[in-house]
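Fold and contact review
This is what each chain is made of:
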Amino acid sequence: METGIVLLAAGLFLFFTGLVQCLTSRKFLGFLFGIEICLNASNLNLAGFLVIQPHRTDLQTGIILIIALAAIEAAIGLVIFTWISRNEVKEDFRLL
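Here's a quick rundown of the structure. (Residues numbered from 1 in each chain as written. Predicted model: local features only at pLDDT ≥ 70, side-chain atom pairs only at ≥ 80, totals over all residues. Heavy atoms only, no water.)

1. Brief notes about the packing of aromatic side chains
A complete count under the given rule lists one aromatic pair for this structure. Ring centres 5.8 Å apart and planes at 75 degrees place the aromatic pair Phe-15 and Phe-16 in the edge-to-face group. According to the relative accessible area criterion, Phe-15 is partly exposed, its value standing at 34%. (Phe/Tyr/Trp six-rings, centres within 6.5 Å; stacked < 30°, edge-to-face > 60°. Buried < 20%, exposed > 50% of the residue type's maximum accessible area, 1.4 Å probe, protein only.)

Take a look at the structure:
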């Protein structure tokens, strides 16, 4: 029971850290990092609820779906970064 509460507290802290990162970042990569932190925080929260309620198998499905969503988000960010770096070689990367 204590492990679940620790996971929930860590997930809460990470979620608000990612939210602050998303809201205060002026650069695109900072915004993507904030979203990634929020997704990882939701995984921690689901894992905490899974520790507290082990009979809930739908939480495991949610964790796997969020991991897949985070991988898709990272791939899209990499594609956008690569596209910008190939098309605008002379452009300064301060916008990213």
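2. Focus on helix H1 (residues 2–24)
Here H1 spans 33 Å end to end across 23 residues, near enough to the 33 Å set by a 1.5 Å rise per residue. Gly-4, Gly-11, Gly-18 and Cys-22 are the residues of H1 that are buried. Looking at the packing, one finds that the buried side of H1 touches helix H2 (28–52). (Helix = DSSP H or I, 4+ residues; strand = E, 2+ residues; numbered from the N terminus. Expected span 1.5 Å × (residues − 1). Contact = heavy atoms within 4.5 Å.)

3. Re the nonpolar core
Grouped together as the largest cluster of nonpolar side chains are seven residues: Leu-39, Leu-46, Leu-50, Leu-59, Ile-63, Ile-66 and Ala-70. Residue assignment for this core shows that the elements contributing at least two residues are H2 and helix H3 (58–87). Considering each element in turn, this core owes the most residues, four residues, to H3. Beyond its immediate chain neighbours, meaning those up to four positions away, Ala-70 contacts Glu-36 and Leu-39. (Core = buried A, V, L, I, M, F, W, Y, C linked by side-chain atoms within 4.5 Å.)

Limitation: the analysis is restricted to geometry and does not speak to function.
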